[in-house]
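# Geometric and topological summary
This is what each chain is made of:
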Amino acid sequence: MTLEHSRKNPKRLGILISGRGSNMLALAEAVRENRIPNAEIVLVVSDNADAAGLSIAQDLGLNTVVIVRSGRNREEHEREILGALKEHEVDLVCLAGYMRLLSSDFINDFRNRILNIHPSLLPCFPGLDAQRQAIGHGVKWSGCTVHFVDETLDGGPIIAQRIVPVLDGDTEESLSARILVEEHRLYAEAVALVVRGDFDVLGRRVIAKM
Ligand code: GAR
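A short tour of the structure in this document, coming up. (Residues numbered from 1 in each chain as written. Predicted model: local features only at pLDDT ≥ 70, side-chain atom pairs only at ≥ 80, totals over all residues. Heavy atoms only, no water.)

Turning to the site of the ligand, a few remarks are in order. In the vicinity of the ligand, the contacting residues are Arg20, Gly21, Ser22, Asn23, Gly97, Met99, Ile117, His118, Pro119, Asp154 and Glu183. The backbone of Gly21 places a nitrogen or oxygen atom 2.8 Å from an oxygen atom of the ligand. Taking Ile117, its main chain carries an N or O atom lying 3.5 Å from an oxygen atom of the ligand. In the complex, 89% of the free accessible area of the ligand, which totals 450 Å², lies under the protein chains. When each cavity is represented as a set of grid points, the ligand is found to reside in the largest pocket. Elements with a contribution of two residues or more to the shell around the ligand: α2 (22-32) and β5 (114-118). (Near = heavy atom within 4 Å. Polar contact = N/O pair within 3.5 Å; in protein donor to acceptor, adjacent residues only side chain to side chain. Areas by Shrake-Rupley, 256 points an atom, 1.4 Å probe, with all protein chains shown as cover. 1 Å grid on protein atoms, 1.4 Å probe; cavity = no way out; pocket = protein on both sides within 12 Å on 5 of 7 lines; lining within 4 Å. Sits in = over half its atoms within 2 Å of the grid points. Helix = DSSP H or I, 4+ residues; strand = E, 2+ residues; numbered from the N terminus.)

In this structure, Ile15, Ile36, Leu115, Ile159, Tyr187 and Val191 are the most contacted members of the largest nonpolar core, which totals 43 residues. Among the elements that take part in this core, helix α7 (residues 172-196) stands out by supplying 11 residues, more than any other. Among all residues touching Ile159, those that are not within four sequence positions of it are Leu115, Val146, His147, Phe148, Ala190, Leu193, Val194 and Val206. Formed by 19 residues, the second largest nonpolar core is a distinct cluster that contains Ile67, Leu95, Ile107 and Val149. (Core = buried A, V, L, I, M, F, W, Y, C linked by side-chain atoms within 4.5 Å. Buried < 20%, exposed > 50% of the residue type's maximum accessible area, 1.4 Å probe, protein only. Contact = heavy atoms within 4.5 Å.)

Before going further, it helps to spend a moment on the layout of surface pockets. Of the voids in this model, the largest pocket is the one considered here, and its volume is about 750 Å³. Lining of the largest pocket is provided by 35 residues; of these, Gly97, Tyr98, Met99, Ile117 and His118 occupy positions nearest its centre. Put simply, the parts of the chain that give the lining of the largest pocket at least two residues each are α2, β5, α6 (130-137) and α7. Across the lining of the largest pocket, the residue classes break down as 15 nonpolar, 13 polar and 7 charged. (Points joined across faces, edges and corners; volume = space filled by probe spheres on them. Nonpolar A, V, L, I, M, F, W, Y, C, P; charged D, E, K, R; others polar.)

On to the side chain of Asp150, then. Positionally, Asp150 belongs in the loop between β6 (141-148) and β7 (158-165). Despite its burial, Asp150 pairs with no opposite charge, the nearest such side chain being Arg204 at 4.6 Å. In terms of polar contacts, Asp150 uses its side chain to reach the side chain of Thr152, at 2.5 Å. A polar side-chain atom of Asp150 sits 3.5 Å from the main-chain amide nitrogen of Gly156. If sequence neighbours within four positions are ignored, Asp150 has contacts with Ile107, Arg111, Gly155, Gly156 and Pro157. (Lys, Arg positive; Asp, Glu negative; His and termini not counted. Salt bridge = Lys/Arg side-chain N within 4 Å of Asp/Glu carboxyl O.)

Glancing now at the pairing of strand β2 (residues 39-46). On any regular strand, side chains alternate: one points to one face of the sheet, the next to the other face. For β2, the buried fraction is high: 7 of the 8 residues fall into the buried class. Of the pairings in the sheet, the one linking strand β1 (residues 11-17) to β2 comprises 7 bridges and is parallel in character. Within the sheet, the bridge partner assigned to Leu16 lies in β2 and is Val45. With respect to chirality, the unit in which β1 leads through α2 into the neighbouring parallel β2 is right-handed. In the sheet, β2 pairs with strand β3 (residues 64-66) via 3 bridges, with the strands oriented parallel. Across the sheet, Ser46 pairs through a bridge with Val66, a residue of β3. Crossover β2 to β3 through helix α3 (residues 52-59) is right-handed. (Pairing = 2+ DSSP bridges. Right-handed = clockwise from strand over helix to strand, strands pointing away.)

Written out as structure tokens, the structure is:
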């Protein structure tokens, strides 16, 4: 494929949110400012009709869809989300505060094409309240991680990480705020790398090509 051809076919990003949406906004700004070249956000999916991120996405003029689980099993819920992603020909799925575990079927449909951001240096402190876990454990450094999603909780191959100090006076809120600043930068950089395709996945290791 020629460079000109690939430029005419930007990678189509779908973003899944459940709440505040600040990482979704950071990705949208990075696309707009060409810090994620050759990409466009074609769909934002929320599983929560009241997510603050939804109105942010709408204000940005992005396509949004609300797909709540509402009494259905995970398979039915995911089938509808997959349908929306496929209808919009999404190439890459970015989880941005999407608070549900994905099934193997979902992951297999987008193997190494689903990214997640997590507010700790994985494999430390997976799951909920990572910043509270970090303070509770007394670590001096924490940070954030962008990784490919596999069947394990916050456990797939690591694409990029950034460290953040934990200060003696930190509360969960102050540490979360310091980490969030880095999340927004790191997620854009990691998505840009994946969109460029300049990497290999060797087992658990994501190796950027020189
Ligand atoms: C972010 O801190 C993100 O790292 C975390 O949820 C927050 C969502 O905020 N994700 C996880 O903990 C995933 N395990 P946002 O809605 O403002 O992006």
